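# Remarks on the overall topology
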Amino acid sequence: MTTDRERRDIDELRNRLREAEETLSAIRNGEVDSLVVNGPDGERIYSLKGAEQPYRIFVEQMLEGAVILNDRGTILYSNHRFAEMMHTPLERVIGSSINLFVREDDQTLLGDILHRPEGRKVRLQLNAINGTPVSALLSFNAMPHSEIGAISLVVTDLTEQEEKRELAAAVENLRSAQAQLERKNEELSHARRAAEEANDAKDNFLAALSHELRTPLTPVLMTIETIESDPGLDRAMRSQLEMMRRNVQLEARLIDDLLDITRIVRGKIDLRSERVNMHAVIAQAIEICRSDNSARNLKILQELNADHFFVEGDSVRLHQILWNLIRNAIKFTPDGGTIRIGTSNQGQVLQLSVADTGIGIEPEMIDKLFTPFEQTSRIITQKFGGLGLGLAISKRLAELHGGSLFVSSRGRGYGSTFTLNLPCAAMAQNDESQITDKPVGRSPSQLQILLVEDHEDTRVSLALILGRKHAVREAESIGAALKAASEHRFDLVISDLGLPDGSGLELMRQLRQQYSLRGICLSGFGMEEDVSRSAAVGFDHHLTKPVDFNKLEAVIDSISPAPGTTCADGCDDRYAHNRPDPHTDSTLTSKRPKV
């Protein structure tokens, strides 16, 4: 409960506050000519006489702070703007010291200015009562005709200006950064174009290198196979020829590995999906490696326990994986060792393992085993050879088939086990009865073959071997081939791509359009793009040099006409203008599909 004395004190405070408000109002309205201020030296009277009403209104409306000080820094007058800047009620500002709003470090400078204020300007950071820093420009001047040496102070708030400057600087920095980014983007664009051009140049170089390396191998391989086919060949000579053939095929495989790793790095391997019997793939891979195995007296044991052994994938690439794994096991297994090849099902996954009793792998080297060009040590490389690409390629091919390939080993001397996991294909009715995915060949009739090849040794070797079953006409250029096609009827064209007067692609396109000829591309250019371009112009198959003649024969059989087919059975009428006289050409004609 409030006492009488407390009520009297409250009333007194209210009266004093009202008196102060009335005094401030009178000062603002120009009704006061002087001001009495109590200070350490007692009361002092300050005259405001002469401050006319319009001037007072102008000062109150200023955007800058307007302050009148004495030479000790006491604030005799302040407009509302300065009070707002200092976040302080006006009644607290008037009568206080300017030092209240000045940092301690700057008060000595301020004292010097107050003693000599005329035309002084200084930039300071003031402190508002709430602690907010206010960057300001302070302009001092002695007031003329002042009886007390009053000083006028105009305070310009620089915060907004600085913010604008900072914003302008930020915008300029942003523009500079944007310009720099654009320059960087342009540099990156140039670098990307240069990299693409370099990659294209590299691809072109690899394609040319592949062609140049493969082409000389073709006549060598063909000649070996021709000699091997002689039934009267003695065993010692046959063994030497087998050795030569293996090494030629190995050389071709190394070239393929170099091209494959390039395709993998650039993501340019295309898979052709079909239903593949992996047990048949295993049997074929073992057969391919049979000569290596026999020479080393190795035991290859098959434990094919999988019930579901069909997968969806590219049969050629799956053969490549198995060939690499088995050949790798043979390579690193000592004479008389054992290799176990097994299959099993883990749910809907076919798990295929190749385990050997070879040299094994040290644990710290396992992670490097699938890295291109990596082998476990220089000694291994020197002793066993190879580029260290086969396993890296096999792992990536497994992943492209939605599977995985990994290796385990207890260490040096304990052998290794490679495990290939592939998703099983859906069961089909003929899965159990199908034992191979190789097409069944048929005996073709004798064909008229146009062989287009500019490499003389290859052309002569191919013509010699093909000539055993077929009638072969040779051409070394596009011009010669087109001339031959206009003069004779052909069932099939076998052509290289790199010809002296143009590309075999253009030749095939013309032969297809004019004569509906079917074709086999036989070239040292074996990149994915080369295969795609061959198919686009009408080649039925693209075989990469050096080609195994048995494979070439199988391809010819697969696209050749059935025995006894004649032109009367429906060959293209476009051949009528250049068909030879039947009395002088006994070659059987063939039925050709229109393009």
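It should be noted that the structure appears before, not after, this text.
In short, a report on the structure. (Residues numbered from 1 in each chain as written. Predicted model: local features only at pLDDT ≥ 70, side-chain atom pairs only at ≥ 80, totals over all residues. Heavy atoms only, no water.)

## Here's the deal with the overall build of the chain
When you go through the chain residue by residue, the secondary structure sums to 18 helices and 21 strands. For the chain, buried positions account for 42% of its 595 residues. Put simply, of all contacts in the chain between residues at least 6 apart along the chain, 63% involve residues at least 24 apart. Accessible surface, the chain: about 32500 Å² in total, of which carbon and sulfur atoms supply 51%. (Helix = DSSP H or I, 4+ residues; strand = E, 2+ residues; numbered from the N terminus. Buried < 20%, exposed > 50% of the residue type's maximum accessible area, 1.4 Å probe, protein only. Contact = heavy atoms within 4.5 Å. Areas by Shrake-Rupley, 256 points an atom, 1.4 Å probe, with all protein chains shown as cover.)

## A word on the packing of helix α16 (residues 504-515) against helix α17 (residues 528-537)
Remark: α16 packs on α17, axes separated minimally by 9 Å, with the N-to-C direction vectors making an angle of 20 degrees. In terms of orientation, α16 and α17 fall into the roughly parallel class. For α16 against α17, the interelement crossing comes out right-handed. Between α16 and α17, the contacting residues are Leu505, Met508, Arg509 and Arg512 on the first element and Arg533, Ser534 and Val537 on the second. A class-by-class count of the residues in the contact of α16 with α17 yields three nonpolar, one polar and three charged. (Axes fitted to C-alpha atoms, helices over the stretch in contact; angles between N-to-C directions. Parallel < 35°, antiparallel > 145°, perpendicular 65-115°, else oblique. Left-handed = near helix turned anticlockwise from the far one by under 90°. Nonpolar A, V, L, I, M, F, W, Y, C, P; charged D, E, K, R; others polar.)

## Notes on the pairing of strand β20 (residues 518-523)
Most of β20 is tucked away: five of the six residues are buried. Two strands pair when backbone bridges link them, and strand β17 (residues 492-495) and β20 are joined in this way by four bridges, in the parallel orientation. The residue bridging Leu492 from the neighbouring strand is Arg518, located in β20. As defined by bridge partners, β20 adjoins strand β21 (residues 539-544) across five bridges and the pair is classed as parallel. Looking at β21, one finds that Ile520 is bridged to His541. A crossover links β20 with its parallel partner β21, the connecting element being α17, and its sense is right-handed. (Pairing = 2+ DSSP bridges. Right-handed = clockwise from strand over helix to strand, strands pointing away.)

## Here we look at the sheet that holds strand β5 (residues 120-127)
A sheet is described by the order of its strands in space; here five strands give the open sequence β4-β3-β7-β6-β5, paired in antiparallel fashion. Strand pairing shows two members of the sheet lacking a second neighbour, β4 (75-78) and β5, which therefore form its edges. This sheet shows a mean twist of 30 degrees between the axes of neighbouring strands, independent of strand direction. By the bridge criterion, seven bridges tie strand β6 (residues 133-142) to strand β7 (residues 151-157) in an arrangement that is antiparallel. Along β7, the bridge assignment pairs Ser139 with Val154. Most of the contacts of helix α5 (residues 107-115) go to β5, to which it runs at about 145 degrees, and overall it touches β3 (65-69), β5, β6 and β7.

## Describing the sheet that holds β20
Either a parallel or an antiparallel arrangement is found when strands of a sheet pair, and the pairing is made through backbone hydrogen bonds. Spatially, five strands are ordered β16-β15-β17-β20-β21 in an open sheet, and the strand pairing comes out parallel. Each edge of the open sheet is held by one strand with a lone partner, namely β16 (471-475) and β21. Sheet twist, expressed as the mean angle between neighbouring strand axes with direction ignored, is 20 degrees. Each of β17, β20 and β21 is contacted by helix α18 (residues 549-559), which is oriented at about 175 degrees to β21, the strand it contacts most.

## Some thoughts on the packing of helix α14 (residues 456-466) against α18
Following both chains from N to C, one finds α14 and α18 inclined at 60 degrees, their axes separated by 12 Å at the closest point. Classified by the interaxial angle, the pair formed by α14 and α18 is oblique. Of the two elements, α14 crosses α18, and the hand of that crossing is right-handed. Contacts between α14 and α18 involve Leu462, Ile465 and Leu466 on the former and, on the latter, Phe549, Leu552 and Ile556. Along the lines of polarity and charge, the residues of the contact of α14 with α18 split into six nonpolar, no polar and no charged.

## Focus: the packing of aromatic side chains
Following the criterion strictly, the structure yields three aromatic pairs and no others. Summarising the aromatic geometry, the rings of Phe82 and Phe101 are spaced 5.7 Å apart at their centres and angled 90 degrees between planes, so their arrangement reads as edge-to-face. Of this pair, Phe82 sits in helix α3 (residues 80-85) while Phe101 sits in the loop between α4 (90-93) and α5; the two residues are 19 residues apart in sequence, bridging distant segments of the chain. With a relative accessible area of 0%, Phe82 lands in the buried category. Judged by its relative accessible area of 0%, Phe101 falls in the buried class. It is Lys395 that lies over the ring of Phe370; its NZ or CZ is 5.0 Å from the centre. (Phe/Tyr/Trp six-rings, centres within 6.5 Å; stacked < 30°, edge-to-face > 60°. Lys NZ or Arg CZ within 6 Å of the ring centre and 35° of its normal.)

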